Protein chains: 2
Amino acid sequence: MRWVRYAFNDQVCYGALEDDRIRPIDGTPFGNHAFTGKRVGLDEVRLLAPVIPPTLYAAGMNYQSHIKEALALLPNGVGVRAPSRPEVGYRAINAIIGPEETIVIPRDSSGRVQHEGELVVVIGKKAKHLRVEDALDCVLGYTIGNDVSERSWQAVDRTLWRSKNTDTFKPMGPWIETEVDLDALFTRVRVNGVVQSEFRTNNMVFGVAEYLSAMTQYLTLYPGDVLWMGAEAPCSDMFPGDVVEVEIEGIGVLRNRIALEA
Amino acid sequence: MRWVRYAFNDQVCYGALEDDRIRPIDGTPFGNHAFTGKRVGLDEVRLLAPVIPPTLYAAGMNYQSHIKEALALLPNGVGVRAPSRPEVGYRAINAIIGPEETIVIPRDSSGRVQHEGELVVVIGKKAKHLRVEDALDCVLGYTIGNDVSERSWQAVDRTLWRSKNTDTFKPMGPWIETEVDLDALFTRVRVNGVVQSEFRTNNMVFGVAEYLSAMTQYLTLYPGDVLWMGAEAPCSDMFPGDVVEVEIEGIGVLRNRIALEA
């Protein structure tokens with residue numbers, strides 16, 4: 001099933017996407033809900049980020065080549081120690097945008113703004129103290145994120161606040177796919193139609209279940225929380241006017257345009 | 001005015017506290033609201049954290065003595081560079097508890113769990129590109145936070161996820177005070193009634209207006225967002241059975257008990 005969150009007649013709704021038709025629900029996929037019996041065309045709505053999470057968790061460096069890239073790029077940066085176990089970070093809610101929305105680069109950026117195409121785990125059930133073997137039971141489904149990163153700020157800031165959490169730097173979507181075979185997924189990042197990065201999505205240092213289990217020894221996951229699983233190298237620069245697409249086969253395509261702040 | 005968020009008859013409500021009586025509102029202080037005309041006794045309700053923010057921002061090291069303490073304690077830690085300008089970090093929603101709730105130390109903690117008594121700024125209006133001189137216009141009021149920190153995890157983890165974001169490690173409350181003279185405030189942290197830390201609240205490296213202005217050059221603040229302003233040294237250890245109180249004169253007292261995980 002594909003859950004979409006969308007704006008229609010100035011209202012924000014959830015529905016199930018079937019081909020190019022949406023079956024709206026009352027409520028959300030994260031709680032009690034019922035189909036309204038109505039139908040809406042996909043072309044009649046504007047898709048939104050599929051969830052505004054209570055907490056946006058990010059695995060950070062979780063693919064081997066990206067770790068090497070990050071360690072080389074950011075000798076003085078925060079968070080550049082290679083991970084020896086699943087340790088999670090955070091991104092901020094202000095930065096979230098939906099599919100087809102514009103990534104806006106601030107005027108004082110150096111211009112070193114890169115994509116990071118990521119699998120996003122969407123939590124469906126409250127969970128704590130998960131064992132690895134049961135950890136995926138709390139997952140509602142998966143979507144796609146682009147962990148847009150300004151590399152010059154990443155190298156000099158004390159935290160990731162500007163580099164990764166500037167407004168519009170966290171595109172997420174286009175929907176939540178509930179039927180996913182993690183091992184079958186491939187991630188491809190295209191800029192202006194040219195593939196810049198392509199990797200087996202599940203080729204992570206620490207997998208989804210390991211992360212969820214480790215996290216929930218200390219923290220409670222809530223419905224709607226999301227966990228971004230990290231990106232593989234290479235991450236290339238994006239410039240105003242570019243169109244960036246993150247495709248995960250079996251989920252969909254998250255597409256956004258780049259602009260310079262007016 | 002003092003805004004309280006509370007549980008009453010299994011419902012979560014906001015109201016204005018006047019002496020020991022609450023005047024409930026329909027809605028929240030962050031949007032349209034109206035007084036219901038009812039009255040509820042403070043002793044009839046359970047106070048909750050005064051807001052569950054979209055994003056929980058944290059200034060981190062923002063007092064001179066605490067910076068020295070942190071640099072000495074955490075030679076290998078993340079985020080131990082002294083701040084040269086206002087740079088903001090994050091805490092996680094799962095960790096929030098309210099006044100009188102229990103701070104629970106996980107069984108595998110080293111036991112080096114410390115208080116950090118902090119002023120918390122509560123945002124009332126959407127804001128971006130604030131100038132320092134207008135920045136406080138977006139503030140609804142102020143509350144109190146205890147940025148509970150497990151120091152051994154803070155020294156070894158790649159992020160602050162366990163040290164500062166374990167469940168129950170972010171007590172906040174008891175209410176939002178809208179009438180505050182920042183320069184008149186004093187913070188006092190007591191453990192079992194004994195003062196451990198006492199400092200002029202506004203004696204920060206970077207003040208509230210400077211932080212809000214710097215942040216909003218890159219990010220949009222939303223109603224309900226909170227910014228924790230950092231704590232001054234010394235931060236002392238707390239043990240199961242202890243009661244920790246953070247008092248800010250002119251706001252109130254945030255009190256929590258410490259327990260070991262069952």
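Student: Describe the overall build of chain A, with residues and values.
Tutor: Check the secondary structure of chain A and you find 4 helices and 20 strands. Its C-alpha atoms give chain A a radius of gyration of 18 Å, within 12% of the compact-globule value 18 Å for 262 residues. For chain A, the C-alpha atoms occupy an extent of roughly 55 × 45 × 30 Å along the three principal directions. Counting every position in chain A, which comprises 262 residues, the buried fraction comes to 50%. Considering only contacts within chain A whose residues lie at least 6 apart along the sequence, 73% involve residues at least 24 apart.

Student: With reference to specific residues and values, describe helix H4 (residues 208-215) of chain B.
Tutor: Residue and element names in this part refer to chain B. A large share of H4 lies buried, amounting to 7 of its 8 residues. Residues of H4 that are buried: Val208, Ala209, Tyr211, Leu212, Ser213, Ala214 and Met215. Where the residues of H4 are buried, they touch strand E12 (117-123) and strand E18 (226-228).

Student: Got a sec to walk through the relation of the copies chain A and chain B? Specific residues and values, please.
Tutor: Structural alignment of chain A on chain B gives an RMSD of 0.0 Å, achieved by rotating through 180 degrees and translating 0.0 Å along the axis. One copy is carried onto the other by what is essentially a two-fold rotation axis. A shared binding surface is used by both copies, with 100% of the interface residues of chain A retained as interface residues in chain B.

Student: Outline the interface of chain A and chain B, listing residues and values.
Tutor: In this complex, chain A contributes 26 residues to the contact, which on the side of chain B involves 26 residues. Taken together, the elements giving at least two residues each to the side of chain A that touches chain B come down to strand E8 (89-91) and helix H3 (161-165) of chain A. For the side of chain A that touches chain B, the leading source of residues is H3(A), giving 3 residues. In the side of chain A that touches chain B, the residues fall into 12 nonpolar, 8 polar and 6 charged.

Student: Provide a residue-level description of the pairing of strand E10 (residues 102-105) of chain B, including the pertinent values.
Tutor: One face of the sheet, then the other: side chains in a regular strand alternate in exactly this way. Residue and element names in this part refer to chain B. With burial as the criterion, only one face of E10 is covered, namely that bearing Ile103 and Ile105; the residues Thr102 and Val104 on the opposite face remain uncovered. In this sheet, strand E20 (residues 252-260) lies alongside E10 in parallel orientation, the contact comprising 4 bridges. When the bridges of E20 are listed, Ile103 appears paired with Ile258.

Student: Please set out the domain arrangement of chain A residue by residue, giving values where relevant.
Tutor: By convention, interface size is frequently given as the accessible area that disappears when the constituent parts associate. Residues and elements named next belong to chain A. Taken as a whole, chain A is organised into domain 1 (1-47) and domain 2 (49-260). One C-alpha centre belongs to domain 1, the other to domain 2; they are set 25 Å apart. On the domain 2 side, the residues contacting the 10 residues of domain 1 number 17 residues. Ranked by residues supplied to the side of domain 1 that touches domain 2, first place goes to strand E1 (residues 2-8) with 4 residues.

Student: Report on the sheet that holds E10(B), specifying residues and quantitative values.
Tutor: Residues and elements named next belong to chain B. Taken together, the 5 strands give an open sheet; going across it, the order is E10-E20-E19-E16-E17, and neighbouring strands pair in mixed fashion. Of all strands in the sheet, those bounded by a partner on one side alone are E10 and strand E17 (194-200). Strand-to-strand, the axes of this sheet are offset by a mean angle of 20 degrees, without reference to chain direction. One ladder, built from 5 bridges, connects strand E16 (residues 186-191) with strand E19 (residues 243-248); its direction is antiparallel.

Student: So what about the nonpolar core? Which residues, and what values?
Tutor: Formed by 146 residues in total, the largest nonpolar core has its most connected members in A:Val121, A:Val122, A:Val226, B:Val121, B:Val122 and B:Val226. With near-sequence residues (within four places) excluded, A:Val122 lies in contact with A:Val51, A:Val139, A:Leu140, A:Gly141, A:Tyr142, A:Thr143, A:Ile176 and A:Val226.

Student: Account for the environment of B:Pro54, with residues named and values stated.
Tutor: Here B:Pro54 lies in the loop between strand E6 (46-47) and strand E7 (56-58). Through-space distance from the C-alpha of B:Pro54 to that of B:Ala92 is 10.0 Å; in sequence the pair is 38 residues apart. Setting aside residues no more than four positions away along its own chain, B:Pro54 makes contact with A:Ile93, B:Tyr222, B:Gly224 and B:Asp225.

Student: Could you give an account of the sheet that holds strand E17 (residues 194-200) of chain A, with specific residues and numbers?
Tutor: Residues and elements named next belong to chain A. An order of E10-E20-E19-E16-E17 is seen for the 5 strands of this open sheet, with the pairing classed as mixed. Taken across any chain shown, the strands that pair with only one partner, and hence form the sheet edges, are strand E10 (102-105) and E17. Between one strand and the next, the sheet's axes are offset by a mean angle of 20 degrees, whatever the strand orientation. Pairing analysis gives 6 bridges linking strand E19 (residues 243-248) to strand E20 (residues 252-260), with the strands arranged antiparallel. If you follow Ile248 over to E20, its bridge partner there is Gly252.

Student: Any details on the pairing of E17(B)? Residues and values, ideally.
Tutor: All names here are of chain B. Bridge count between E16 and E17: 6 bridges; the pairing is antiparallel. Counted as the bridge partner of Phe186 is Arg200 from E17. Between the antiparallel neighbours E16 and E17 lie 2 residues, among them Asn192 with a positive phi of about 50 degrees.

Student: Give me the lowdown on unusual backbone geometry, citing residues and values where you can.
Tutor: Cis geometry marks the peptide bond from A:Ala233 to A:Pro234; its omega dihedral reads -5 degrees. Residue placement: A:Pro234 occurs in the loop between strand E18 (226-228) and E19. Note the cis peptide between B:Gly173 and B:Pro174, where omega equals 5 degrees. In this structure, B:Pro174 sits in strand E15 (residues 170-177). Here the phi dihedral of B:Asp19 falls at roughly 55 degrees; this positive angle occurs in a residue that is not glycine. Within the secondary structure, B:Asp19 sits in the loop between strand E2 (11-18) and strand E3 (21-27). We classify B:Asp19 as exposed; it has 6 C-beta atoms within 10 Å.

What counts, and where the lines are drawn
- Residues numbered from 1 in each chain as written.
- Chains lettered and ligands numbered in written order.
- Predicted model: local features only at pLDDT ≥ 70, side-chain atom pairs only at ≥ 80, totals over all residues.
- Helix = DSSP H or I, 4+ residues; strand = E, 2+ residues; numbered from the N terminus.
- Rg over C-alpha atoms; globule rule 2.2 N^0.38 Å.
- Buried ≥ 20, exposed ≤ 12 C-beta atoms within 10 Å, placed from the backbone.
- Contact = placed C-beta atoms within 7 Å.
- Least-squares fit on C-alpha atoms with pLDDT ≥ 70 in both.
- Nonpolar A, V, L, I, M, F, W, Y, C, P; charged D, E, K, R; others polar.
- Pairing = 2+ DSSP bridges.
- Domains from an automatic or database assignment.
- Axes fitted to C-alpha atoms, helices over the stretch in contact; angles between N-to-C directions.
- Core = buried A, V, L, I, M, F, W, Y, C linked by C-beta atoms within 7 Å.

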